[in-house]
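Structural characterization, general
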Amino acid sequence: MIEVMLRTLAAILLVLALSLPATSTQAGVKPGLTAERVFQMDDSLKLHVWISRPMVKDPAPLLVLLPMRGHDHRSYDSLRSTIMHRAISFGEDKIAWPYVAAFDLRGHGRSREKGGSEIRFNTMPEEEYVKIPQDVADALEELLADSSYNIDPDNILVVGASIGANSAIMLTEHVDGIRRVAMLSPGQSYLGLEPEPALMAFGGDVIMFASQQDRYAYSSAKLMSEKKQERCIFEEFFG
């Protein structure tokens, strides 16, 4: 079901990207070159992020990808690949191909080392989970300040699934330049992450995805989207 949601989301992101100003691509360079970065958090956690460059001369948007619980950055490989190939097929002079930052969240993937010990998503307490939005915000702050990139700080899109969905909208409380958020299977409360206050305060565009058979995520997304209403779309799925 997440794969179906991601395919739908890829198409939506392409429409959004096509509405943005085109960037000037360096001659002979294709988008999608990816490198791993490690950011040190205040509590000594090493947060791993995979960043794809568009290799453009002009400032480009940033797409932030936050996985669901138990998954790592690779869960978005198909989405990133779809967007990259469609961007190339549209023509690099017609689409604002973004930078892409795919995260291993705290306790997930390679982001498990903390002060010489290891934390894991399946055993770490809620007080670790509630640090995730600030983790991402701190990494983005450092990333946006890095002059080796040319990211438009006022044009950030965030996609999250499950705890990543809750973290995505809660990230808007820490990062001013977020304009659009996509929430796949959000919950009113996941492991201490409660997104509704951030959702109600956010002035940008939100789209939520949930399956009717995923009862908690579906009821949460339906209720929150009904409360939000303005600039919020709810897409429901079956299966």
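Computed from a prediction, not measured in an experiment: that's the story for all the values here. (Residues numbered from 1 in each chain as written. Predicted model: local features only at pLDDT ≥ 70, side-chain atom pairs only at ≥ 80, totals over all residues. Heavy atoms only, no water.)

**Thoughts on the sheet that holds strand β8 (residues 178–184)**
- Spatial strand order, β1-β2-β4-β3-β7-β8-β9-β10: eight strands in an open sheet with mixed pairing. Each edge of the sheet is formed by a strand with only one pairing partner; in this case those strands are β1 (33–40) and β10 (232–237). Averaged over all pairs of adjacent strands, the angle between strand axes in this sheet comes to 20°, irrespective of strand direction.
- Sheet topology places strand β9 (residues 205–211) next to β10; six bridges connect them, and they run parallel. Bridging across to β10, I207 finds its partner in I233.
- Along the sheet face, helix α4 (residues 132–145) touches β1, β2 (46–53), β3 (60–66), β4 (99–103) and β7 (151–161) and points at about 155° away from the line of β3. (Pairing = 2+ DSSP bridges. Helix = DSSP H or I, 4+ residues; strand = E, 2+ residues; numbered from the N terminus. Axes fitted to C-alpha atoms, helices over the stretch in contact; angles between N-to-C directions. Contact = heavy atoms within 4.5 Å.)

**A look at the packing of aromatic side chains**
- Under the criterion given, the structure shown has four aromatic pairs.
- Here Y190 and Y216 contribute two aromatic rings whose centre-to-centre distance is 5.6 Å and whose plane-to-plane angle is 55°, an arrangement assigned as tilted. With Y190 in the loop between β8 and α6 (196–201) and Y216 in helix α7 (residues 215–228), the pair connects residues that are 26 residues apart, well separated along the chain.
- Note on Y218 and F234: the rings are 5.7 Å apart at their centroids and 55° apart in plane angle, and the pair reads as tilted. With Y218 in helix α7 and F234 in strand β10, the pair connects residues that are 16 residues apart, well separated along the chain. As far as burial versus exposure is concerned, Y218 and F234 are alike and both buried. (Phe/Tyr/Trp six-rings, centres within 6.5 Å; stacked < 30°, edge-to-face > 60°. Buried < 20%, exposed > 50% of the residue type's maximum accessible area, 1.4 Å probe, protein only.)

**A word on unusual backbone geometry**
- One non-glycine residue, S44, lies in positive phi territory at about 80°.
- Mapped onto the secondary structure, S44 falls in the loop between β1 and β2.
- Look at S44 and you get partly exposed, because its relative accessible area is 30%.
- One non-glycine residue, Q229, lies in positive phi territory at about 60°.
- Topologically, Q229 is positioned in the loop between α7 and β10.

**Description of the pattern of salt bridges**
- Going through the model one piece at a time under the given rule, you end up with 16 salt bridges.
- Note that R74 and D72 form a salt bridge whose closest N and O atoms lie 2.7 Å from each other.
- Put simply, R112 and E118 hold a salt bridge, and the shortest N to O gap is 3.4 Å.
- Overlapping salt bridges, with partners in common, bring together D43, R106, K114, E128, K131 and D135 in one network. (Salt bridge = Lys/Arg side-chain N within 4 Å of Asp/Glu carboxyl O.)

**Some points on the side chain of S111**
- Within the secondary structure, S111 is located in the loop between β4 and β5 (113–114).
- For S111, the contacting residues outside a window of four places in its chain are L45, K46, L47, H48, D104, L105 and R106.

**Observations concerning the confidence of the model for the protein**
- With 81% of its residues at a pLDDT of 70 or more, the protein shows a mean pLDDT of 87.
- Looking across the protein, the model is least confident in helix α1 (residues 2–18), with a mean pLDDT of 58, and most confident in helix α5 (residues 163–170), with 98.
- Between residues 17–29, whose pLDDT stays under 50, and residues either more than four places distant or in other chains, the model counts 32 contacts. (pLDDT = per-residue confidence, 0-100.)

**Quick word on α7**
- If you check α7, its first and last C-alpha atoms are 20 Å apart, about what 14 residues at 1.5 Å a residue would give, namely 20 Å.
- Of the positions making up α7, those classed as buried are A217, Y218, S220, A221, M224, S225 and K228. Relative to the axis of α7, the buried residues are bounded by an arc of 165° and lie together on one face.
- Elements that come into contact with the buried residues of α7 comprise α6, β9 and β10.
- Downstream of α7 by a residue or two, Q229 has a phi angle that is positive, lying close to 60°. (Expected span 1.5 Å × (residues − 1). Arc of directions from axis to C-beta.)

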